[in-house]
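# Remarks on the overall topology
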Amino acid sequence: AITTAETIIKNYSHKQYWVHGKKAEANELEITHARVDNVPGTHVVNYTSDIDEITITHTAHNRQGFATGAVVAAEWLVGKKGIFTMRDVLGIEY
């Protein structure tokens, strides 16, 4: 959620910060979360205005993708020192 929020902020000049646990001000992007039993992962981004709303949803059907990502990251880390993110593992530019 934080990575998604930071990417949106980077590419949308109307938002400068993300907030969690409080109502967002006009220049802030609100992050909310909920842990739900037996739901491996659902991520929703809502673009809301006074006129309409656009929703983008990603739903993981199981934890296989998360486990595969952890193995790929562990293999990539062999012989490396430092602090890395999945962006480093996947070769995604900032």
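Just above sits the structure.
A few points on the structure. Keep in mind the model is a prediction, meaning the values are calculated, not measured. One numbering rule holds for all chains: residues counted from 1, following each sequence as written. The model is predicted, so local features are restricted to residues of pLDDT at least 70 and side-chain atom pairs to those at 80 or more, both for listing and for counting; the totals for chains, interfaces and linings are taken over all residues. In computing side-chain values, all of the structure's heavy atoms are included and hydrogens and water are not.

In plain words, nonpolar cores are sets of buried Ala, Val, Leu, Ile, Met, Phe, Trp, Tyr and Cys residues tied together by side-chain atoms within 4.5 Å. Relative accessible area decides the class of each residue, using a 1.4 Å probe on protein chains only: under 20% of the type maximum gives buried, over 50% gives exposed, and in between gives partly exposed. Counting residues in each nonpolar core, the largest one holds six residues, listed as Ala5, Ile8, Ile9, Leu29, Ile31 and Val45. If you tally residues by element for this core, the top one is helix 1 (residues 2-11), at three residues. Not counting residues within four places of it along the chain, the set of residues in contact with valine 45 comprises Thr4, Ile8, Ile54, Thr55 and Ile56. Only runs of H or I of at least four residues qualify as helices and only runs of E of at least two qualify as strands under DSSP, and these elements are numbered from the N terminus. The contact criterion used is simple: two residues touch if any of their non-hydrogen atoms lie within 4.5 Å.

So, about the pattern of salt bridges. Two side chains of opposite charge can pair, provided their charged atoms sit close to one another. One side-chain nitrogen of Lys or Arg within 4 Å of one carboxyl oxygen of Asp or Glu is enough to make a salt bridge. Using the criterion set out here, one finds one salt bridge in the structure. The residue glutamate 28 makes a salt bridge to lysine 22 at a minimum N-O spacing of 3.1 Å. Look at glutamate 28 and you get buried, because its relative accessible area is 12%. Judged by its relative accessible area of 39%, lysine 22 falls in the partly exposed class.

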